[in-house]
Amino acid sequence: MEVITFNELRRIKDSLPSGSMQKIADDLNLSIDAVRNYFGGRHFENGESVGFHVEKGPDGGIVTLDDRTILDHALKLLKNEEK
C-alpha cells in the first residue's frame, strides 16, 4: 500500500506529458478510464475501480493506493522525460 496526498497525486498526473494516460493504459493492459480513476478521476461507467481510497484532510486529503504499479509507471515516464 502507498499513502500519498491527493494533491501530490494530481501534481504527478498533471506533470505527465501529453498522451501519458493512454501510454500507461497500453503498457499495463488497462483501460484508460482505470488509469484516470487511479489519479482521482470518476470514470466508472467504462473504467473500473483501482483501489483508490481517500480520507479528507489537508492538502486534498490522504489517498491510500492498494497497488503502486500505475504510480511507478507514471514516475518512470516522468524520469525518462527529464533525460
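The residue numbering used here restarts from 1 in each chain and proceeds along that chain's sequence as written. It should be noted that, the model being predicted, local features are given only for residues of pLDDT at least 70 and side-chain atom pairs only at 80 or more, the latter also being counted only at that level, while totals for whole chains, interfaces and linings use all residues. The side-chain figures draw on all heavy atoms in the structure; neither hydrogens nor water molecules are used.

This part covers the overall build of the protein. The helix and strand labels rest on DSSP assignments: H or I over at least four residues marks a helix, E over at least two residues marks a strand, and numbering proceeds from the N terminus. Along the protein, the regular secondary structure elements total four helices and three strands. Ordered by position from the N terminus, the helices and strands of the protein form the series β-α-α-α-β-β-α. Partly exposed describes any residue whose relative accessible area lies between the buried limit of under 20% and the exposed limit of over 50%, with all areas from a 1.4 Å probe on protein chains only and scaled to the type maximum. Relative to its full complement of 83 residues, the protein shows a buried share of 36%. In this description, contact between two residues means that some pair of their heavy atoms is separated by no more than 4.5 Å. Residue pairs in contact within the protein that sit at least 24 positions apart in sequence constitute 56% of those at least 6 positions apart.

Moving on, we get to the pattern of salt bridges. The working definition used for a salt bridge is a side-chain nitrogen of Lys or Arg within 4 Å of a carboxyl oxygen of Asp or Glu. Under the definition given, this model contains seven salt bridges. Here Glu8 makes a salt bridge to Arg11, at a shortest N to O gap of 3.1 Å. You can see Glu8 and its partner Arg11 sitting in helix H1 (residues 6–15), three residues apart, about one turn around the helix. With relative accessibility at 42%, the residue Arg11 sits in the partly exposed group. Here Asp59 makes a salt bridge to Arg11, at a shortest N to O gap of 3.7 Å. Placement of the pair is Asp59 in the loop between strand E2 (52–55) and strand E3 (62–65) and Arg11 in helix H1, with a sequence separation of 48 residues. Taking the relative accessible area as the measure of exposure, Asp59 reaches 37% and is therefore partly exposed. A single network of salt bridges, built from pairs that share partners, joins Glu2, Arg68 and Asp72.

This next bit is on the confidence of the model for the protein. As a per-residue quantity, pLDDT reports the predictor's confidence and falls between 0 and 100. Averaged over all residues, the pLDDT of the protein equals 86, while 86% of them reach at least 70. The least confident element of the protein, judged by mean pLDDT, is E2 at 76; the most confident is helix H2 (residues 20–28) at 97.

Now for the packing of H1 against helix H4 (residues 69–82). Two elements in contact, H1 and H4, have axes whose closest approach is 10 Å; the angle formed by their N-to-C orientations is 45 degrees. Relative to H4, H1 is oriented oblique. As for how H1 packs across H4, the hand of that crossing is left-handed. Contacts between H1 and H4 involve Leu9, Ile12 and Ser15 from the former and Leu71, Ala74, Leu75 and Leu78 from the latter. Classification convention: Asp, Glu, Lys, Arg as charged; Ala, Val, Leu, Ile, Met, Phe, Trp, Tyr, Cys, Pro as nonpolar; all other residues, Gly among them, as polar. Split into classes, the residues belonging to the contact of H1 with H4 amount to six nonpolar, one polar and no charged. The angle between two axes is taken between their N-to-C directions and runs from 0 to 180 degrees, where each axis is a line fitted to C-alpha atoms and a helix contributes only its stretch in contact. Orientation labels follow simple angle bins: below 35 degrees gives roughly parallel, above 145 gives roughly antiparallel, 65 to 115 gives roughly perpendicular, and whatever is left gives oblique. Handedness of each helix crossing follows the sense of rotation of the near helix against the far helix: counterclockwise by less than a right angle gives left-handed, clockwise gives right-handed.

We now examine the nonpolar core. Among the buried residues, those of types Ala, Val, Leu, Ile, Met, Phe, Trp, Tyr and Cys that are joined through side-chain atoms within 4.5 Å form a nonpolar core. In terms of nonpolar packing, the biggest core is built from 17 residues, with Leu9, Ile12, Leu16, Ile24, Val35, Phe39 and Leu65 touching the most fellow members. Elements that contribute at least two residues to this core include exactly H1, H2, helix H3 (32–38), E3 and H4. Sorting elements by how many residues they give to this core places H4 first, with five residues. Other than its neighbours up to four places away in sequence, Ile24 contacts Leu16, Val35, Ile70, His73, Ala74 and Leu77.

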